[in-house]
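Each chain, letter by letter, is given below.
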Amino acid sequence: MIRSVRCTLPLIALLIGGAALGAQAPTAQGRVSGQVVEQATGRPMPEVQVEVIGTGITAKTDLDGRYRTVPLPAGRYSVRAIIIGFRSTQHDSVLVEDGRSTDVSFALQPLPIELAGVTVEAQRAPPSKATDAGLLAARRAAAGVSDGVSAQGIARSPDANAGEAVRRMTGVTLFDGKFLVVRGLGERYSNALLNGAEMPNPVVEKKIPPLDLFPAGLIASVVAAKTATPDKPGDFAGGSVDLVTKDFPESRLLQFTASQSYNDQATFRSVPLPPMVGTDFLGIDNGRRQPPSIPFGNLPASAQKPVLQGFQDNVWNPPPRRALPGTGFSATYGDQWQGTSNALGAVLSLTYNNSVSFTPDRLFNLYYVGREATASVAWGGLANVIVRLGHLHKLGWKNLYSRSADQTSVSGEGSEGTVLNLSYQMRYVERYLWQTQLTGEHHVFGTTLEWKGTLGRARIEDPDNHAANYATALEVGGGTQVGGKRLIRRLADLTRSGQVDWSVPVSLRFQGDALFKAGGYYRAKRRDYDARDVIINRDGLTAPASGMDGVIEHLPPEQVFAPENLGTYFSYISSANHNDPFFADDNVAAAYAMVDVPVLPMVRLVTGVRAEQWKLALRPGGNDPEGNWLKFGEDSVIRRHDLDYLWSGNLTIGVTENMKVRLAATRTLARPDSREISPGQYTPIAGLGNCTEQGNPDLQATRITNGDIRWELYPRQDELLAVSGFYKRFDQPIIELRTTGGFQNANAECTIGNGRSAEVRGGELEVRQLLGPLGVGLNLTVVSSSIVFPENTGLLARRFIGQSPFVANAYLAYEPAASRIQFSLLYNYFGDRITKYSNNQTANAPPYPNPNWVERHRHTVDAKVRVAVTPRFRLALSGKNLSRAPIFIIEDSGSRRVVEHYNLGLSFSTSLTYDF
């Protein structure tokens, strides 16, 4: 506590001192800036001349439709936008304030080709998707059905990362706190993009990366496309989620934030975790956890001692220590520099957080009661640069880095039949993701050429995940057996992609009212997974004369597995049966053509075809020349070569200027992940309730036919009322079924396979309304699904894992622009959802379904208050899980037995922000 106060007080003093310095007189001039878009489609308009009337100051828009004037004296002005073929439009009484950039944006209406331009009052176009109004405008102009959350929406919530933020969107929930479920479909039926490009994935068992990797402070908006268009990857059914990072501001920004967090179950309590040392505070192991070199296969007992004694970490049950409050900070700098024809914009941002969580009384795996503590570190940064060369060319360079690490201590005890089990486990998992992207836009001969090249790397390190188990027979005279295991996992993912898009405006009734677009895409992904399992057992080795037989089984694990006992009382077997490495070269090439046509004055059709070719070469056993692949044979490489034609049609009917009806029919697919195709086995990071997953080289891709209808009403710029319906038909859905063992059985196995078919149907409602100074939001989703299994399984239809029949979000926000105090109250609910299927197949008998594991419905309430102490100095107080909603996982049998039960506790955080 003292250390935390000592760290915080100088920071507060620095911010207060900065606030005093900030009282200096501002500059005497301001600017006018904004964006010009086409009203009907929302497309940015380049080469529009924007004039500040009566001053002689003009500016032209760039390829994003953005402009920025030179400085001009503070005062009131009229600003006009002019381009041939569109109505010239004008804003009057524009107030330019000292030291500020005033937003004046335009939405222009096209004129029939034969008419001359006239001047009318403009309808403003929101300047950025980082605001609620800007994101609503983008959704309104989008070709298909989409939902999203803006940086403004994230700021009103206590959400710390992109994963927590996306659950506020219509029809979106999170599974395991980090993985997407969109319209009742888990992450395998969605894709995740970062600035429009597929990102690398540091997780072995999931198709897309966990969204908790991305700090909320780096995100400008998150948009989920729910219907496909030909110019986007077609490997999804639930949603294609694009995380867009911060862009440079219209005027100079230098902002610093410091924060502290408190959890009523962890902060200032005794928590069983080892202290952070060395570079642990950066989520980087300093080498003390790195395992020795472990060859494949088993070694003779005489050669095992150096290997067993090579493990450096001998902490199995750490003594409790007092947990301090979590700390965090973020810093952002952005600006743009404009010349006569060229311009440069840049934004740099860094964010850091650490925290401790603790569940002292946790029921898990039906029979065990114990405790779980985790120390987490997460930090990341971005550096984006945009260069405009004249008004017709733009180059961009975007970079993002994110790293996190979790150290977890788990202990528990429970009896199964006549055996009492006592277990201890220590896990350390380190993940990072890095992506760099070059982009270009060029306006040539009236057409637009866009390109982007992306390189991404991701890695997960699980250097020494070790567990000890004591099993005591409860009958009279029963003895105790002790054993342990150490698991080592590494995954490296390298993802490269390139994309080219060529857009050609076509004039039908109006100037450039139609668009032809074509392009190509290529993505190369290499995933290299390596693993070693060391199972440590008492095996009758000859003990020294002063042996400890009958005693060692009752010592704490730090003494049991002391170096002098390894290779003497304990030996190991190197198991490759539960963690088979693999190496995959996974490539997708695509080409598409599409048209965006106003078939009638108020009817817009976006349709086309995308061809995607998938090539996979997978080597079971990994890519190590001395590796485990030899056990699969030299000719064991698995190859895939699929070609799919994905059609789509999105029809938008403008019933009135503010009302739209959308109809969509699309064909998409879901490809299996390389780990699922590998014929080896994989056990998720050791933990009770998991099963060994058996891959399936015969696994087929799923083809999905989608139908959508949505009615939208935009009463005002910040308001929306939308009602949607959707239907999806799956051919050979990818599913995971338990084939042997129960969930509490260490030998349980799951098999990945294809079902026969599946259907998903549902409806959505979204409301955003302004009631004076209050903003009110509500979204509801109702979903049902049914999977038809192959006849030989004997299983009845079930819904998809992770699908809740009912999902709801609501918020109430008090955010008047002139007020120094703003607050928001947020609510989230999801209904019961299956977390694991169970299916026990016994010899000489038909298979009968066992109970599934079901996570019970949960209500969560969060809140946030923001206070502007001075114009530059702000204070925020947030509360998470104010409802203290417990987590229950039960069996869906008649007994409804509780399998897991715990509570994440109530969390508070405070933050201080200063704008320099």
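See the structure shown above.
Every residue gets a number counted from 1 within its own chain, in the order that chain's sequence is written. Whole-chain, interface and lining totals are the exception, using all residues; otherwise, since this is a predicted model, local features are given only for residues with pLDDT of at least 70 and side-chain atom pairs are given and counted only at 80 or more. Hydrogens and waters are ignored; side-chain quantities use all the structure's heavy atoms.

### Remarks on the side chain of Gln265
Segments assigned H or I by DSSP are reported as helices when at least four residues long, segments assigned E as strands when at least two residues long, and all are numbered from the N terminus. Secondary-structure assignment places Gln265 in the loop between strand 18 (253–263) and strand 19 (270–272). Working definition: with a 1.4 Å probe on protein chains only, accessible area under 20% of the residue-type maximum means buried, over 50% means exposed, and in between means partly exposed. In this structure Gln265 comes out as buried when scored by relative accessible area, which is 12%. Here a polar contact means two N or O atoms within 3.5 Å. Within protein one must be a hydrogen donor candidate and the other an acceptor candidate, and residues neighboring in sequence count only if both atoms are side-chain atoms. Among the polar contacts listed, one links the side chain of Gln265 to the backbone oxygen of Phe358, at a separation of 2.7 Å. Polar side-chain contacts of Gln265 include one of 2.9 Å to the backbone oxygen of Asn903.

### Looking at the pattern of salt bridges
A pair is scored as a salt bridge if a Lys or Arg side-chain nitrogen falls within 4 Å of a carboxyl oxygen belonging to Asp or Glu. The full count for this structure, using the stated rule, is 58 salt bridges. Of the charged contacts, one joins Glu612 and Arg610 as a salt bridge, the two residues approaching to 2.7 Å between their closest N and O atoms. With its nearest N and O atoms 2.6 Å apart, the salt bridge here joins Glu693 to Arg675. Taken together, the positions of Glu693 in strand 35 (residues 692–694) and Arg675 in helix 7 (residues 674–677) put the pair 18 residues apart, joining distant regions of the chain. Via salt bridges that share partners, Arg139, Asp147, Arg183, Lys226, Arg662, Asp708, Arg710, Glu712, Glu764, Glu766 and Arg768 belong to a single interconnected network.

### Observations regarding unusual backbone geometry
Despite not being glycine, Glu47 shows a phi value in the positive range, around 65 degrees. In this structure, Glu47 sits in the loop between strand 1 (29–38) and strand 2 (49–52). Owing to a relative accessible area of 27%, Glu47 belongs among the partly exposed residues under this scheme. Residue Arg183 is not a glycine yet carries a positive backbone phi of 55 degrees. Looking at the element boundaries, Arg183 is found in the loop between strand 13 (179–182) and strand 14 (190–194). Among the residues examined, Arg183 registers a relative accessible area of 0% and is labelled buried.

### Describing the pairing of strand 16 (residues 219–225)
With 6 of 7 residues buried, strand 16 is to be regarded as a mostly interior element. Each pair of strands is called paired provided DSSP finds at least two bridges between the two strands. Alignment of strand 11 (residues 146–150) against strand 16, held across 5 bridges, turns out to be antiparallel. Looking at strand 16, one finds that Ser146 is bridged to Ala225. Where strand 16 lies against strand 17 (residues 239–245), 6 bridges are found, and the strand directions are antiparallel.

### Some remarks on the packing of aromatic side chains
Whether two aromatic rings pair depends on their centres lying within 6.5 Å, for rings of Phe, Tyr and Trp, where Trp uses its six-membered ring; planes under 30 degrees apart make the pair stacked, over 60 edge-to-face, and the rest tilted. Applying the stated criterion to the full structure yields 13 aromatic pairs. A ring pair is formed by Phe329 and Tyr352, whose centres lie 5.9 Å apart and whose planes are at 25 degrees; its orientation type is stacked. Placement of Phe329 in strand 21 (residues 326–338) and of Tyr352 in strand 22 (residues 343–364) is noted, with a sequence separation of 23 residues between them. Assessed through its relative accessible area of 11%, Tyr352 is described here as buried.

### Observations concerning empty space enclosed by the protein
Lining residues are those with an atom within 4 Å of a point, where the points come from a 1 Å grid over the protein atoms alone and group into cavities, where a 1.4 Å probe fits but cannot get out, or pockets, open sets with protein on both sides within 12 Å along at least five of seven lines. Grid points are joined across faces, edges and corners, and a volume is the space filled by probe spheres set on the points. The final tally for this structure, using the stated rule, is 10 cavities of 30 Å³ or more. The calculated volume of the largest cavity comes to roughly 340 Å³. Lining the largest cavity are 23 residues, and of these Glu198, Lys207, Asp235, Arg523 and Lys525 lie nearest its centre. If you list the elements that add at least two residues to the lining of the largest cavity, you get strand 14, strand 28 (514–538), strand 30 (582–600) and strand 31 (603–620). The dominant element in the lining of the largest cavity, judged by the number of residues it contributes, is strand 28, at 4 residues. When its residues are assigned to classes, the lining of the largest cavity shows 10 nonpolar, 3 polar and 10 charged. Put simply, the second largest cavity is a space of about 300 Å³. Along the walls of the second largest cavity sit 25 residues, with Val149, Arg168, Arg768, Asn779 and Tyr811 positioned nearest its centre. Every element with two or more residues in the lining of the second largest cavity is listed here: helix 2 (132–141), strand 11, strand 40 (757–771), strand 41 (774–788), strand 42 (806–814) and strand 43 (821–830). Residue type decides the class: Asp, Glu, Lys and Arg count as charged, Ala, Val, Leu, Ile, Met, Phe, Trp, Tyr, Cys and Pro as nonpolar, and the leftover types, Gly among them, as polar. Tallied by class, the residues present in the lining of the second largest cavity amount to 10 nonpolar, 8 polar and 7 charged.

### Side note on a nonpolar patch on the surface
A patch consists of residues exposed above 30% relative accessible area that lack any salt bridge, with like charges linked at up to 9 Å and nonpolar side chains (Val, Leu, Ile, Met, Phe, Trp, Tyr) linked at up to 5 Å. For the accessible areas, the method is Shrake-Rupley and the probe is 1.4 Å, while residue cover comes only from the protein chains on display. Taken together, the side chains of Leu389, Leu395, Trp397, Leu438, Leu449, Trp451, Val500, Trp502, Val506, Leu508, Phe516 and Val595 present a nonpolar region at the surface, about 1000 Å² in accessible area. Looking at the nonpolar patch element by element, the count peaks at 3 residues for strand 27 (residues 480–506). When you line up the elements, Trp397 lands in strand 24 (residues 393–416). Under the relative-accessibility criterion, Trp397 is labelled partly exposed at 43%.

### A look at the environment of Ala142
With respect to the helices, strands and loops of the structure, Ala142 is situated in the loop between helix 2 and strand 11. Along the chain, Ala142 and Arg43 lie 99 residues apart, while their C-alpha atoms are 9.1 Å from each other. The criterion used for residue contact is that any of the two residues' heavy atoms lie within 4.5 Å. When near neighbours in sequence (up to four residues on either side) are disregarded, Ala142 contacts Arg604 and Arg662.

### A closer look at the nonpolar core
Buried Ala, Val, Leu, Ile, Met, Phe, Trp, Tyr and Cys residues that are joined via side-chain atoms within 4.5 Å together make up what is termed a nonpolar core. Counting residues in hydrophobic clusters, the biggest one holds 38 residues, and the most contacted among them are Leu185, Tyr189, Tyr529, Phe730, Val760, Ile787 and Phe800. When contributions to this core are tallied by element, the ones reaching two or more residues are strand 28, strand 30, strand 31, strand 37 (720–731), strand 38 (734–740), strand 40 and strand 41. When near neighbours in sequence (up to four residues on either side) are disregarded, Tyr189 contacts Phe236, Ala237, Gly238, Gly239, Ala670, Thr702, Phe730, Pro733, Ile734 and Phe800.

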